[in-house]
Amino acid sequence: MKLDCYKIYESAPKIVPGRSRREWMDDFIDRHPYRCLPLTMANSTGWEILCPIDLEIEWDGGKMEDAIKIRSSAGEAWVKSFASSHFRRGIVTMHTGHLFRTPPGWAVWCSGPPNWPKHGIAPLSGLVETDWLPFPFTMNWQLTEPGIVKFERDEPFCFFTLIEHHKLEEIQPELRMLDDNEELKADYEAWRDSRADFNQRLGNLDESAVRDGWQRHYMRGKKVSTGEKEASHKTKRQLKTPLPARK
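Right, let's walk through the structure included here. (Residues numbered from 1 in each chain as written. Predicted model: local features only at pLDDT ≥ 70, side-chain atom pairs only at ≥ 80, totals over all residues. Heavy atoms only, no water.)

As a further point, take the state of the cysteines. In total, this model carries zero disulfides according to the counting rule given. Of all cysteine sulfurs, the one in C158 lies closest to C51, which takes part in no disulfide; the gap is 10 Å. (Disulfide = S-S within 2.5 Å.)

Below is the structure:
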């Protein structure tokens, strides 16, 4: 499977694999947010498009395009080629600089980088039918309050991953009781009881629980009930860096 990333101009923003680390996660003394594997996997399950310049975005709360002022140390010409208030109403539009092409049935899901909050501004998400679309998509951010927001150069302004979206319509969700699946219920109850016991021992400052600090069943991909390891379990995402096409 291949993802074609056609640069519309030579200085188009860089595309890199999503990084698992986050500054706010690093700021914890024991870095315990990294114990949450779903967080780090979400952070890296896609590609980042990086700001080619620094941006300072100022919004006075107005609805028209002149309510937003966008500045950069790179100069006005760079700003005009990269960011604007196209939709007005406190929305900033940034140009990805690429036209993407995916296999039939596959689309690009784009948003801001996962678990990367920015004060005063929120990313808007989009699903783009890149299996046929002959023009690029943009990334849009909604300012949430008047003030100034900054993007640093090489900070991700867009994060995208791929989704076989036609298949979603074939899925039939079914509501069931856990009692209907004896094996799954037994696995769940073993995890529930183990977690309750560990938390109680941790609260009582049990030496072994304090030493362990946390349970690692999910991180290790193991069932509590049997100790079996799931063969398909992943703890790291290793996406490929876009490369020049071979001629």
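Having seen the model, we can carry on.
Okay, the sheet that holds strand β5 (residues 68-71) next. Pairing is antiparallel in the open sheet, where three strands are placed in the order β5-β4-β13. The two strands at the open ends of the sheet, each matched to only one other strand, are β5 and β13 (147-151). Within the sheet, the average angular offset between the axes of one strand and its neighbour, ignoring direction, is 15 degrees. Bridging between strand β4 (residues 55-59) and β5 involves four bridges; their strand directions are antiparallel. Across the sheet, residue W59 finds its bridge partner in β5, namely I68. (Pairing = 2+ DSSP bridges. Helix = DSSP H or I, 4+ residues; strand = E, 2+ residues; numbered from the N terminus. Axes fitted to C-alpha atoms, helices over the stretch in contact; angles between N-to-C directions.)

Side chains that carry opposite charge are capable of pairing whenever their charged atoms lie near each other. Tallying each qualifying case throughout the model produces 15 salt bridges. The partner of K7 in a salt bridge is E10, and the shortest N-O contact between them spans 3.6 Å. In this structure, R192 and D193 form a salt bridge, with 3.1 Å as the shortest nitrogen-oxygen distance. By relative accessible area, which is 46% here, D193 ends up partly exposed. One network of salt bridges, in which partners are shared, links E56, E58, R71 and K150. (Salt bridge = Lys/Arg side-chain N within 4 Å of Asp/Glu carboxyl O. Buried < 20%, exposed > 50% of the residue type's maximum accessible area, 1.4 Å probe, protein only.)

The buried fraction of helix α2 (residues 37-44) amounts to six of the eight residues, a majority that puts the element mostly inside the structure. Looking only at α2, the buried set comprises L37, L39, T40, M41, N43 and S44. Lining the buried residues of α2 we find α1 (23-26), β14 (156-163) and α7 (217-220). Following α2 by one or two positions, G46 adopts a phi angle in the positive range, close to 160 degrees. (Contact = heavy atoms within 4.5 Å.)

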